[in-house]
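Residue-level listing of the chains:
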Amino acid sequence: MKYSIVALSAASMFIGVSAFTGAKNEDQADKSEYVLIDVYELPAYEDKGLHIHYGNGKTEFIPYANDMKDHHLDDNGDLLVKTLNKLSSEGYEVISTTGGLGDKSGFITKVFLRLKK
C-alpha cells in the first residue's frame, strides 16, 4: 500500500509537471521560434521584395513580380498576404509590425512572427 501511494504521487507529479512544459509537436521542433519578414518597397533598391529570416542562417528572398511602376501595391500586397498565409499554415502568427520611410523614396516594413503556442 505504501508503495502504491508513492507510485501514484510520482505519476501525478510527472503528469502535472509535463502539462506545463509547453512541449512542441514534432513539426515545430525544427523551426525557429521567431520569423522576420522585411518588406522592401523601394523602387531604387535592387532586391525589392520580401526578405524572410527564419533564424539559424536560413533566409528566403521573394522578389516582386513587377518593377513597382503601376499598381505595385495590389500585386505586392497579394504576395505578402500569400506569404503570411503560408507561414500561418506552418504554425506562425504575426505578433508585431513596424514600418518607415526608406532613404530612397520608398517604404520598409518589418513583420514579426512567432510560433503559435
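Note that this is a predicted model, so its numbers are computed, not measured.

Parameters at a glance
- Residues numbered from 1 in each chain as written.
- Predicted model: local features only at pLDDT ≥ 70, side-chain atom pairs only at ≥ 80, totals over all residues.
- Heavy atoms only, no water.
- Phe/Tyr/Trp six-rings, centres within 6.5 Å; stacked < 30°, edge-to-face > 60°.
- Lys NZ or Arg CZ within 6 Å of the ring centre and 35° of its normal.
- Core = buried A, V, L, I, M, F, W, Y, C linked by side-chain atoms within 4.5 Å.
- Buried < 20%, exposed > 50% of the residue type's maximum accessible area, 1.4 Å probe, protein only.
- Helix = DSSP H or I, 4+ residues; strand = E, 2+ residues; numbered from the N terminus.
- Contact = heavy atoms within 4.5 Å.
- Salt bridge = Lys/Arg side-chain N within 4 Å of Asp/Glu carboxyl O.

K.L.:
What is the right way to look at the packing of aromatic side chains in this model?
P.N.:
Centre-to-centre distance and the angle between the planes together describe a pair of aromatic rings. Taken as a whole and assessed by the stated rule, the structure comprises 1 aromatic pair. The ring centre of Y54 lies 4.7 Å from the NZ or CZ of K58, which sits over that ring.

K.L.:
Quick question: what am I supposed to make of the nonpolar core here?
P.N.:
Considering soluble globular proteins, one finds that nonpolar side chains tend to be buried as a cluster. Ranked by size, the top nonpolar core spans 14 residues in total, and within it V35, I37, L50, L87 and L113 carry the most contacts. Contributions of two or more residues to this core are made by β1 (34-41), β2 (49-55), α3 (72-89) and β5 (106-115). In this structure, I37 is in contact with L50, H51, I52, L80, T83, L84, L87, T109, K110, V111 and L113, ignoring residues within four places of it in sequence.

K.L.:
Could you clarify how one ought to interpret the side chain of T83 in this entry?
P.N.:
Looking at the element boundaries, T83 is found in helix α3. Looking at T83, the relative accessible area reads 6%, which means it is buried. Residues within four places of T83 in sequence aside, it is in contact with I37, L50, I52 and I62.

K.L.:
Looking at this model, I keep getting lost on unusual backbone geometry. Mind explaining?
P.N.:
Residues apart from glycine generally show negative phi values, whereas peptide bonds are mostly found in trans. Phi is positive for N56, which is not a glycine, with a value near 55 degrees. Inspection of the secondary structure assignment puts N56 in the loop between β2 and β3 (58-63).

K.L.:
What is the right way to read the pattern of salt bridges from this model?
P.N.:
Where charged atoms from two side chains of opposite charge approach closely, those side chains can pair. For the structure on display, the rule yields 4 salt bridges. Between K117 and E33 there is a salt bridge, with the nearest N and O atoms lying 3.4 Å from each other. Here K117, found in the segment after β5, pairs with E33, found in the loop between α2 (26-29) and β1; they are 84 residues apart in sequence, far enough to count as distant. We classify K117 as exposed; its relative accessible area is 83%. Judged by its relative accessible area of 29%, E33 is partly exposed. Residues E90 and K86 are paired through a salt bridge, measuring 4.0 Å at the closest nitrogen-oxygen approach. Look at K86 and you get partly exposed, because its relative accessible area is 35%.

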